[in-house]
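As a plain string of letters, each chain reads:
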Amino acid sequence: MNTLENLIVLLSRLPGIGKKSASRMAYSLLKGEESYNRVLGQSIAELKEKIHKCSQCGNYTEEELCSICSSKDRDELTLCVVEESQDIMMIESTGDYKGLYFVLHGVLSPLDGIGPTELGFDRLLDRINTLGVKELILATNPTLEGDSTALYIKHLLEGKEIEISRIASGLPVGGDMEYADKMSISRALKGRMNY
Ligand SMILES: [Zn+2]
């Protein structure tokens, strides 16, 4: 396999990129500026070197703590559980949420060997206890796995005096939060109900 074919294969492994898009990208890189290709390659190489998970919430950051955890203006008594780091970006873009987050980096999926330990539920419980959380918002995606993950967390907290809500209504059923628009997330946040 030559360099170009190799790049096309590598690019087509990215989500949402088919063989056709991958080859369009590769040919465009070949035609384009060499300096751009270098910077692009360097950014990709540095991703894993520089960015890691926030030690408190799991959000991606270049610092020890992410900007949300280190902010003094957040409500520490409210915690929102999301599947992925990019869900935080979506919720933050609404400007309607002032609490903290916890990123699971996945959902319960027994067939894939992803259970409560893999998702760090013990860290989640630690975080809830340390902060003295009063309200927990379960914002996992409205999919089968997202729903069962939310339900599992709810059961974990049974008996604790924590108000639990689920924001799934308003988000497209079966869809990722990533694709939900600002308005529907904002609506879901405002209309959240006890779970
Ligand atoms: Zn954080």
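Rules and cut-offs
Residues numbered from 1 in each chain as written. Predicted model: local features only at pLDDT ≥ 70, side-chain atom pairs only at ≥ 80, totals over all residues. Heavy atoms only, no water. UniProt positions renumbered as here; feature names shortened; annotations may be inferred. Phe/Tyr/Trp six-rings, centres within 6.5 Å; stacked < 30°, edge-to-face > 60°. Helix = DSSP H or I, 4+ residues; strand = E, 2+ residues; numbered from the N terminus. Buried < 20%, exposed > 50% of the residue type's maximum accessible area, 1.4 Å probe, protein only. 1 Å grid on protein atoms, 1.4 Å probe; cavity = no way out; pocket = protein on both sides within 12 Å on 5 of 7 lines; lining within 4 Å. Points joined across faces, edges and corners; volume = space filled by probe spheres on them. Nonpolar A, V, L, I, M, F, W, Y, C, P; charged D, E, K, R; others polar. Contact = heavy atoms within 4.5 Å.

- As named in an unreviewed UniProt entry, the protein is Recombination protein RecR, taken from Oceanispirochaeta crateris.
- Quoted verbatim from the Sequence similarities (unreviewed entry) heading of the UniProt record, the comment on the protein is "Belongs to the RecR family."
- Of the protein, the UniProt comment under Function (unreviewed entry) reads exactly: "May play a role in DNA repair. It seems to be involved in an RecBC-independent recombinational process of DNA repair. It may act with RecF and RecO."

**Considerations on the packing of aromatic side chains**
- Tallied over the full model, the rule gives two aromatic pairs.
- Note on Phe 121 and Tyr 152: the rings are 5.5 Å apart at their centroids and 40 degrees apart in plane angle, and the pair reads as tilted. Separated by 31 residues along the polypeptide, Phe 121 in helix 5 (residues 121-131) and Tyr 152 in helix 6 (residues 144-156) bring together distant segments of the chain.
- Judged by relative accessible area, Tyr 152 falls into the partly exposed class, the value being 36%.

**Some words on the layout of surface pockets**
- Its volume calculated, the largest pocket comes out at about 350 Å³.
- Those elements that place two or more of their residues in the lining of the largest pocket are helix 1 (3-11), helix 2 (19-31) and helix 3 (34-50).
- Considering every element that reaches the lining of the largest pocket, the biggest residue donor is helix 3, with four residues.
- Per-class residue counts for the lining of the largest pocket are eight nonpolar, two polar and no charged.
- Taken as a whole, the second largest pocket encloses approximately 210 Å³ of empty space.
- For the second largest pocket, the full set of lining residues is Leu 47, Lys 48, Ile 51, His 52 and Tyr 60.
- Residues belonging to the lining of the second largest pocket are distributed by class as follows: three nonpolar, one polar and one charged.

**Description of helix 7 (residues 182-190)**
- Those residues of helix 7 that fall on the buried side of the exposure criterion are Ser 184, Ile 185, Ser 186, Ala 188 and Leu 189.
- Here the buried face of helix 7 lies against helix 4 (85-94) and strand 5 (135-138).

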